[in-house]
Amino acid sequence: PGYLSPSTELKFADIPNGLAAISKVPAAGWAQIIAYAFFVEFSSNNFGWVDAGGNFDFSGKLVNAANKQGDSRAPGDVGWRPPLLATDDAELKKKRLNAEIANGRLAM
């Protein structure tokens, strides 16, 4: 139902299952996926893999330091706010979290 790449007229239905799908997705699509992953990692407000100096933290020292400081974040809050999805409105946030829980229960 729809196009994966309208410029090449590639539909979602044309993509096979499994590893065969890797070769069917255009290179520009993979570039977008990788660029978004880097955006997510580097916009995490110094919580997780990258410190303020842009250095990678493979040992988990940043996460441990945040835990020791008595970080005021709620459980599961890793400090990243997805564009167009995050909100400061408590009622809307509650509605979205309840919808996520309901969808998770439905998926089980």
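Preceding this section is the structure that the text describes.
Since this is a predicted model, take the numbers as computed values, not measurements. (Residues numbered from 1 in each chain as written. Predicted model: local features only at pLDDT ≥ 70, side-chain atom pairs only at ≥ 80, totals over all residues. Heavy atoms only, no water.)

Take the overall build of the chain next. Secondary structure summary: the chain contains three helices and two strands in total. Ordered by position from the N terminus, the helices and strands of the chain form the series β-β-α-α-α. Buried residues in the chain amount to 12% of all 108 residues. Partitioning the intrachain contacts of the chain with sequence separation of at least 6 by distance along the chain shows that 24% fall at a separation of at least 24. Only carbon and sulfur atoms are counted for the fraction: they give 61% of the accessible area of the chain, which is about 8900 Å². (Helix = DSSP H or I, 4+ residues; strand = E, 2+ residues; numbered from the N terminus. Buried < 20%, exposed > 50% of the residue type's maximum accessible area, 1.4 Å probe, protein only. Contact = heavy atoms within 4.5 Å. Areas by Shrake-Rupley, 256 points an atom, 1.4 Å probe, with all protein chains shown as cover.)

Here we take up the layout of surface pockets. To locate leftover empty space, one rolls a probe as large as a water molecule over the atoms. What the second largest pocket holds in volume is close to 160 Å³. Considering the residues around the second largest pocket, the lining is formed by Leu4, Ser5, Val25, Pro26, Ala28, Gly29, Gln32 and Ile33. Listed by contribution, the elements that provide at least two residues to the lining of the second largest pocket are β1 (3–5) and α1 (27–42). Tallied by class, residues from the lining of the second largest pocket come to five nonpolar, three polar and no charged. (1 Å grid on protein atoms, 1.4 Å probe; cavity = no way out; pocket = protein on both sides within 12 Å on 5 of 7 lines; lining within 4 Å. Points joined across faces, edges and corners; volume = space filled by probe spheres on them. Nonpolar A, V, L, I, M, F, W, Y, C, P; charged D, E, K, R; others polar.)

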